[in-house]
Amino acid sequence: MSLSTMKYGCKVIMNLKAAAKKVMQIVLIWGTPGKDPNEDIITFLNRNNKRHPNFNKTQKDKVKNDSHCDTFDITLSSMCIKHCCINMADLNDAAWFSDGDKLENLLYQIKKARNNAMHGSLEMTKPEFEENTRKLREDLIATLTKAKERFGRSDAELKEEIEKLEVVMNRITDEPLDLDDFQRDYHSDLQDHIISRLADQLKQHTTYKKYVEPLDFLTTSKVSLNIENIYVKPKFMQGRPEGKAKDVEHLDLIKLAQDQPNQPQVLVVEGLAGSGKTTLVAYMTKEWSNTSSNSIKGLNEYKLLVLVRGRDSHLSSYTDLIQYLFQPSTAEYKELLSKLVKESSLLVIIDGIDEVNKSSRELIRDILHQMQGNPKCTVMITTRPEALQEGLHLIPSTYYRVEVELVGIPMGQREDFLHRYLDELHKTCPGTASTPPTTDDINQCIKQQDVETKEHFRLPLNLSIVAILMYFWPDKMNRNTTQTELYSLIHELTLEKLEKRLIDNDLTKDFGRRKRLDKVENWLSALYCEMFIALTHDQLTLQEESANKLRSKCDTLELPPDEMMAAFMETRTVKTFRGCDLDCYSVPHKGFQDRYGASYIKESIKQLKKRKKSENVKQIMFSTPGIGPIQLSKMQNLLQILVGMIPHDWDSIMVKDVVNLLQEAGVNRRDQWLDVIEDTKCSEKVVKAIADHFPLPGASVSTRDDNGPIEITDGRIAAYEKLLYILPSTQVALYIAGDPASLNCLLASLDRHVCKEFKLWQTYYHPTEDIHPIVDQLLSKVWNPDLSVYVGPLSDSVLSRLQRVRSLRHIYLSISSNHQATLLMELITSTSFKHLFYLRVAVTPEVQPAAITTYISGNHYILVRLYLLDVTDERVSWACEMVANLIKPSQRVNHIRFPRSTLDEAGWIRMIKDLGRRGIKNIWAMWVPDMSISNDQRDQLNNICRNTLGAIFIRDDFKEWKK
C-alpha cells in the first residue's frame with residue numbers, strides 16, 4: 001500500500017478529527033450545565049465529588065490546561081462524558097458498550113467508528129467512503145438530537161450545530177485531497193493509525209508470551225503456566241547501595257522513570273539469578289497487551305512495547321529489529337515505519353543485558369542511540385548485579401536513569417506463590433503427577449523447607465523448582481534443601497529421565513547400567529567444558545562448533561546425540577527478520593549454565609588431585625583452551641555455586657582460595673556472603689574463610705548499609721549462629737518478624753556483641769500479656785545503654801532497662817492489659833522518654849481507658865502513631881475515650897490507625913464526630929481497614945474527616961496486623 005491509495009481512508013480520519021470530535025465536545029459541554037467555562041474538568045469532578053476517569057499523563061495534562069475542552073479528542077471526550085455529564089447511565093450499563101438509539105449507544109458507535117479507522121486499513125474505494133460518510137453523518141446528527149433532548153437544549157441550538165456539521169463534512173467530501181498536505185496537517189493521526197496497527201501486531205507476536213514454561217525438559221510434555229495466575233507481588237528496593245534503601249511498590253516501577261518527562265528514560269532493574277526478572281518482563285508484556293487489566297501505573301501511556309532479549313543473536317541493529325517485529329507492515333509502510341516507531345510513545349524492554357553477545361550488544365547500542373532524542377521513550381533494562389556496570393556503560397548520558405533492585409518474593413507471600421504455582425500445574429497438566437500433593441502435603445513441605453524464612457526462597461526460580469518437585473516427584477522433597485541442592489536435584493532427575501530413554505534406545509539398550517553411566521559421565525565432562533567456554537564468550541546458546549564437538553563425542557562414546565543434547569538443553573527455533581529459521585541449543589536458565597561451568601571446575605580439580613598436581617581454581621579457569629577473556633565479576637554466580645558444591649575432602653586452603661576469588665569477583669556485601677554461607681549449610685571451613693571478608697560496622701565498605709550494625713533477620717539466624725562466634729565484638733541489630741523462640745540458638749554466640757536495635761515484631765503486631773522468656777534472656781545478653789530502637793513487649797523488667805537507656809529514639813509498644821498501661825505511664829514520665837523522637841503505641845480493647853492517666857507528650861517534638869485494635873460498633877466510645885486520654889487536644893499526632901476494625905461507613909462517621917466533640921483536632925491522618933469501606937465511601941468520609949478533625953482519611957490493608 002502506498003500513500004496514494006489511502007486518499008479516502010485519510011478523508012475518513014479527517015471527518016472523525018473535525019466533525020465527530022466536535023460533536024463529542026458539544027455533548028460534553030451540554031451535559032455539564034453546572035461547569036464554569038473557565039473551570040477544568042478535574043476541578044469540576046472534585047467539586048461535585050465525582051470519580052475521576054483513569055486519565056493517562058497526556059490526557060491529564062490536556063484536561064488541566066484546557067477548560068473549554070477544545071483540544072479533547074474523541075477518546076478523551078468520551079471518558080469525560082461518562083464521568084461528568086448529568087442524567088447519563090451508570091458506568092457499567094450495557095448501553096455504553098452496544099449499538100442502539102439511546103445517547104449512550106450512539107456515543108459508543110462514534111467511539112467504535114474511531115477505533116475501526118485507527119486499527120483498520122486506510123485503503124478504501126470511493127463507494128466505501130461514501131457509505132462510511134453517510135453512516136457517520138446519520139450517527140452524528142442522531143447524537144446531537146438525543147443530546148438536545150437529554151440535556152434540555154433548544155431547537156435553535158440543535159439546528160445551528162447540525163448546519164455546522166453539514167458544512168464541515170461536505171467540505172471534506174468535495175474538496176480534493178493533497179496527500180502532502182494531509183501528512184503535514186494530520187501527521188499525528190496518520191502516526192496514530194499506523195502505530196495502532198503495529199501495536200495489534202506486537203500483541204500477537206510470538207515474543208510476547210503470556211505463559212512461562214518451567215523446566216519443561218524434565219517433564220514428558222510441554223508445560224505452559226499462565227503468568228497472570230502465578231505472579232505475586234515481588235519486593236523492590238531503591239537506593240540500597242547508597243545507604244538510602246526504600247521499598248518500591250511494583251505497580252509504581254514505570255512511574256519512577258516517568259518522573260523526568262523532558263528526556264528519554266532508562267529504568268535499570270537488577271536482580272540475582274532467579275530473582276524473577278524475566279517473569280517480571282512477561283507480566284509487564286501481558287499487562288500491556290491486555291489494556292483492560294492495566295494495573296501497572298503509567299504502562300498505558302506507551303503505544304508500543306518492544307521486547308529485546310539479551311541472549312538472542314540473530315539481530316544486530318534497530319532496522320533489523322523493526323523488520324523482525326513488524327514483518328507484515330514493513331512493505332506497506334517502509335517509507336514511514338522506522339521513523340514513526342522512533343517518534344512514538346515507546347517502552348523498550350531489554351531483558352538480560354548480562355546475557356548479551358556480540359550481535360545483541362550492537363543491537364542494544366543502536367536502539368539506545370536511535371531513541372535518545374525521544375522524551376516519550378522509556379528503556380527498561382534487566383541485569384544481574386555483577387553485569388550492572390558493564391550495562392550502564394552502554395547508556396548514553398542523554399538518558400535520565402533510575403536504578404532499582406528486584407529482591408524477590410518477600411516473607412508472607414512465598415506460601416501464596418507455591419499454592420498458586422501448584423494450582424496452575426494441576427490445571428495445566430492434570431493427571432500427570434502420580435499423586436498430586438494435598439493441601440496438607442503442601443503445608444508440610446512449606447514448613448519442612450522453611451520456605452517463609454530461608455533467604456534463598458526469596459528467589460522465584462527456587463520456589464518454582466520446589467513446586468515442580470512437589471508436584472511430579474514429591475519423594476524428592478523430604479528434607480531441607482539449599483539452593484545448590486535444588487539444582488543438584490534437578491540434575492539428578494535429568495539423569496534418571498535420560499537413563500530410562502537410553503534403556504529404550506537401540507544404540508544403548510544392550511549396555512550394562514554401569515557402562516551407560518560411565519559413558520554419560522564422560523560426555524557430561526565435555527558438556528561442562530563447552531558450557532564454561534561459552535560463558536567466557538558471553539554465549540548462552542551453544543555455537544555450532546561446540547554443538548558439533550558434543551555430537552562427535554556422542555559418536556565416540558556410542559551415545560545417541562539427540563537424546564543427550566535434549567536431556568540437558570532446550571532447542572529454540574528463532575525466526576530471523578529475513579524469514580530464516582535458526583535452530584540452536586541453549587540452557588533453560590543461565591543459572592543452569594553457571595552450574596555446568598562450576599561442575600567443570602570441580603571435575604578439573606578432582607582430576608588434578610588424582611594426578612597429585614596442585615589445584616588452583618584461578619589457574620584452571622584461565623588455562624582452559626578456547627576460552628574468551630574472563631571477567632571474574634561475571635563469574636560470581638558460578639563461583640558461589642562452586643562453593644556450594646565443595647566436597648568435604650577439600651582442605652581449608654582450597655576453600656579459602658575459592659572464597660578469595662568470590663571477593664575478587666565483587667562479592668563484598670553482607671547479604672552476598674550470608675547467601676554463600678547458607679548455601680553450604682554453614683560449613684565451618686567456609687564460615688572461617690568468609691569471616692576475613694565480612695563487613696563490620698564502621699568498616700570501609702561498598703555500601704552504606706553495611707556500615708551500620710549487623711542486622712539479624714529470621715532467615716539469617718542459622719548463618720549468624722556460626723558467624724558471630726568467629727567475628728570480633730561488634731554492634732548488632734535484631735530484626736525478627738517471626739517467633740522470638742527461634743533466637744534461642746543465638747544466645748551463646750551473641751554474648752560478646754552489643755545490640756543497637758532490638759526489634760521483635762511478632763510481639764508488637766500480636767500482643768499478649770504473657771511475655772516470652774526469651775525476651776529477658778536476650779536483653780540480658782546484648783543489653784546496651786546506648787540502645788536506639790526498641791520494638792517488643794512491655795514488662796516490669798523491660799521498663800527497668802528502658803528507663804536506663806541514654807539515647808532511646810524509637811519505641812514501638814503494644815499494650816494489652818491495664819498493668820502494661822500503668823508501665824507505659826511510668827515510661828512516659830521517665831528521663832529516657834525526653835529524648836524520644838518516634839513513638840508507636842498499639843492498644844487492645846482489654847485496656848481500660850481509666851488506666852491511661854498521662855498524656856503522651858514531652859518537652860520536645862515527638863512523632864506519635866496511635867493504633868487502636870479490634871474496634872467494633874460497641875467499642876467506638878472506648879476508642880474515642882482512649883484517644884482523649886492519651887492525646888492532648890493541642891498535641892500534634894501524626895496518625896491514628898485502626899487495624900482489624902469492623903466499622904462500616906456509619907460507624908466511622910460516629911467515630912469522627914465523637915473525636916471532634918472531645919476536642920481532638922490536631923491529627924494528620926486516620927487509617928482504617930480497606931475491607932470496611934469502599935473507595936467512594938472513603939471520599940465521602942475524607943471530606944467529613946477534614947472538616948471535623950483536620951485529618952485525611954486513608955484506607956489500608958494492615959497486612960502485618962492480620963491474625
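Just above sits the structure.
For clarity, every value in this text was computed on a predicted model and none was experimentally measured.

J.: Outline the overall build of the protein chain, supporting the account with residue identities and numerical values.
T.: Scanning the protein chain for helices and strands turns up 38 helices and 21 strands. Compactness check: the protein chain gives a C-alpha radius of gyration of 33 Å against a globular reference of 30 Å for 963 residues, within 12% of the reference. When its C-alpha atoms are laid out on the principal axes, the protein chain stretches across 100 × 85 × 55 Å. Expressed as a percentage of its 963 residues, the buried residues of the protein chain come to 55%. Carbon and sulfur atoms provide 47% of the accessible area of the protein chain, an area that totals close to 41400 Å². Charge centroids of the protein chain, computed over 126 positive and 130 negative side chains, lie 3 Å from each other.

J.: Let's hear about the pattern of salt bridges: which residues, and what values?
T.: Applying the stated criterion across every chain, the model contains 57 salt bridges. The shortest N-O distance in the salt bridge between E160 and K164 comes to 3.4 Å. On the criterion of helical spacing, the pair formed by E160 and K164 is a turn pair, its members being four residues apart in helix α7 (residues 155-174). A salt bridge links K476 to E496, with the nearest nitrogen and oxygen atoms 3.0 Å apart. Within this pair, whereas K476 is found in the loop between α20 (460-472) and α21 (483-503), its partner E496 is found in helix α21, the two being separated by 20 residues in sequence. Taking relative accessible area as the criterion, K476 reaches 13% and is therefore assigned buried.

J.: Any details on the pairing of strand β12 (residues 710-713)? Residues and values, ideally.
T.: Where β12 lies against strand β13 (residues 731-736), four bridges are found, and the strand directions are parallel. When the bridges of β13 are listed, I712 appears paired with L734. Following the chain from β12 across helix α31 (residues 717-726) to the adjacent parallel β13, one finds a crossover that is right-handed.

J.: Outline the sheet that holds strand β4 (residues 246-248), supporting the account with residue identities and numerical values.
T.: Strand order in the open sheet formed by seven strands is β4-β3-β9-β5-β8-β7-β6, and the pairing between neighbours is mixed. Both outer strands of the open sheet, β4 and β6 (304-309), are each paired with one neighbouring strand and no more. Strand-to-strand, the axes of this sheet are offset by a mean angle of 25°, without reference to chain direction. Alignment of β6 against strand β7 (residues 346-351), held across six bridges, turns out to be parallel. Residue pairing for β7: L304 is matched across the bridge by L346. Most of the contacts of helix α16 (residues 358-371) go to β7, to which it runs at about 160°, and overall it touches β5 (265-270), β6, β7 and β8 (377-383).

J.: Which residues make up the environment of M24, and what are the values?
T.: Locating M24 in the fold gives a position in helix α1 (residues 7-30). Along the backbone, M24 and V805 are 781 residues apart, and their C-alpha atoms lie at a distance of 69 Å. Contacts of M24, omitting those with residues within four sequence positions, involve I74, S77, S78, I81, L107 and I110.

J.: Lay out the packing of helix α23 (residues 544-557) against helix α24 (residues 561-568) with the relevant residues and their values.
T.: Here α23 crosses α24 at 125°, and the two axes come no closer than 9 Å. As far as their axial angle goes, α24 and α23 are oblique. Of the two possible hands of crossing, α23 and α24 adopt the one that is right-handed. Of the residues in α24, those in contact with A547, L550, R551, C554 and D555 of α23 are P561, D562, M564 and M565. Split by residue class, the contact of α23 with α24 holds six nonpolar, no polar and three charged.

J.: Provide a residue-level description of the packing of aromatic side chains, including the pertinent values.
T.: Within the structure shown, the criterion is met by 23 aromatic pairs. Here the aromatic residues Y735, W761, Y764, Y765, Y812, Y838, Y867 and W961 are joined through ring pairs into a cluster of three or more.

J.: Tell me about the environment of V587, residues and numbers included.
T.: Here V587 shows up in the loop between β11 (581-586) and α25 (590-610). Judged by relative accessible area, V587 falls into the buried class, the value being 0%. A C-alpha to C-alpha distance of 7.3 Å links V587 and T541, two positions 46 residues apart in sequence. Contacts of V587, omitting those with residues within four sequence positions, involve R311, M531, L540, F568, E570, F592, Q593 and Y596.

J.: Give a detailed account of the state of the cysteines, specifying residues and quantitative values.
T.: Evaluated as defined, the whole model comprises zero disulfides. Just so you know, C69 is unpaired, no disulfide at all, and the nearest cysteine sulfur is the one on C80, 6.6 Å from it.

J.: Which residues make up unusual backbone geometry, and what values do they have?
T.: Located in the positive-phi region is N87, a residue other than glycine, with phi close to 60°. Position of N87 relative to the elements: it lies in the loop between α4 (74-84) and α5 (103-119). Owing to a relative accessible area of 53%, N87 belongs among the exposed residues under this scheme.

J.: Before we move on, can you summarise the nonpolar core with the specific residues and values?
T.: In this structure, W523 and M911 are the most contacted members of the largest nonpolar core, which totals 241 residues. The element contributing the most residues to this core is α20, with ten residues. Ignoring any residue separated from it by four or fewer positions in sequence, one finds M911 in contact with V871, V876, A879, C880, F898, L903 and M926. If you look at the next biggest cluster of nonpolar residues, it comprises 43 residues, including I41, I110, L136 and A147.

J.: Just give me the short version of the pairing of β5, but keep the residues and values in it.
T.: In summary, the side chains of a regular strand alternate between the two faces of the sheet. Burial of β5 is extensive: six of the six residues sit out of reach of the surface. Alternating residues of β5 divide into Q265, L267 and V269 and V266, V268 and E270, and every residue in both groups is buried. The sheet contact formed by β5 and β8 spans six bridges and is parallel. Looking across to β8, one finds that V266 is bridged to V379.

J.: A description of empty space enclosed by the protein should follow, citing residues and the corresponding values.
T.: Using the criterion set out here, one finds ten cavities of 30 Å³ or more in the structure. The calculated volume of the largest cavity comes to roughly 310 Å³. The wall of the largest cavity is formed by 21 residues, among which L272, Q483, N637, Q640 and D675 lie closest to the centre. Among the elements of the structure, α21, α27 (636-644) and α29 (670-679) are those that each provide at least two residues to the lining of the largest cavity. Looking at the lining of the largest cavity, the element that brings in the most residues is α29, giving five residues. Partitioning the lining of the largest cavity into residue classes produces seven nonpolar, seven polar and seven charged. Looking at the second largest cavity, the residues that line it are D354, R384, E386, A387, L535, D538, K590, K634 and M635. For the lining of the second largest cavity, a count of residues per class yields three nonpolar, no polar and six charged.

J.: Go over α16, please, and point to the residues and values.
T.: Between its terminal C-alpha atoms α16 stretches 20 Å, which fits the 20 Å expected from 14 residues at 1.5 Å a residue. Among the residues of α16, S360, R361, L363, I364, I367, L368 and M371 are the ones counted as buried. Along the axis of α16, the buried residues cluster in a sector spanning 160°; they form a single face. Measuring from the side-chain oxygen of the N-cap residue of α16 to the backbone nitrogen of S359 gives 3.1 Å; that N-cap residue is N357.

J.: Which residues make up the packing of helix α30 (residues 684-691) against α31, and what are the values?
T.: It is the contact of α30 with α31, at a shortest axis distance of 10 Å, that shows an interaxial angle of 55°. Considering the angle they form, α30 stands oblique to α31. Note on packing geometry: the crossing formed by α30 with α31 is right-handed. Residue-level contacts link V687, K688 and A691 of α30 to K722, L723 and I726 of α31. For the contact of α30 with α31, the residue count by class is four nonpolar, no polar and two charged.

The rules behind these values
- Residues numbered from 1 in each chain as written.
- Predicted model: local features only at pLDDT ≥ 70, side-chain atom pairs only at ≥ 80, totals over all residues.
- Heavy atoms only, no water.
- Helix = DSSP H or I, 4+ residues; strand = E, 2+ residues; numbered from the N terminus.
- Rg over C-alpha atoms; globule rule 2.2 N^0.38 Å.
- Buried < 20%, exposed > 50% of the residue type's maximum accessible area, 1.4 Å probe, protein only.
- Areas by Shrake-Rupley, 256 points an atom, 1.4 Å probe, with all protein chains shown as cover.
- Lys, Arg positive; Asp, Glu negative; His and termini not counted.
- Charge placed at Lys NZ, Arg CZ, Asp CG, Glu CD.
- Salt bridge = Lys/Arg side-chain N within 4 Å of Asp/Glu carboxyl O.
- Pairing = 2+ DSSP bridges.
- Right-handed = clockwise from strand over helix to strand, strands pointing away.
- Axes fitted to C-alpha atoms, helices over the stretch in contact; angles between N-to-C directions.
- Contact = heavy atoms within 4.5 Å.
- Parallel < 35°, antiparallel > 145°, perpendicular 65-115°, else oblique.
- Left-handed = near helix turned anticlockwise from the far one by under 90°.
- Nonpolar A, V, L, I, M, F, W, Y, C, P; charged D, E, K, R; others polar.
- Phe/Tyr/Trp six-rings, centres within 6.5 Å; stacked < 30°, edge-to-face > 60°.
- Disulfide = S-S within 2.5 Å.
- Core = buried A, V, L, I, M, F, W, Y, C linked by side-chain atoms within 4.5 Å.
- 1 Å grid on protein atoms, 1.4 Å probe; cavity = no way out; pocket = protein on both sides within 12 Å on 5 of 7 lines; lining within 4 Å.
- Points joined across faces, edges and corners; volume = space filled by probe spheres on them.
- Expected span 1.5 Å × (residues − 1).
- Arc of directions from axis to C-beta.
- Polar contact = N/O pair within 3.5 Å; in protein donor to acceptor, adjacent residues only side chain to side chain.

Limitation: the analysis is restricted to geometry and does not speak to function.
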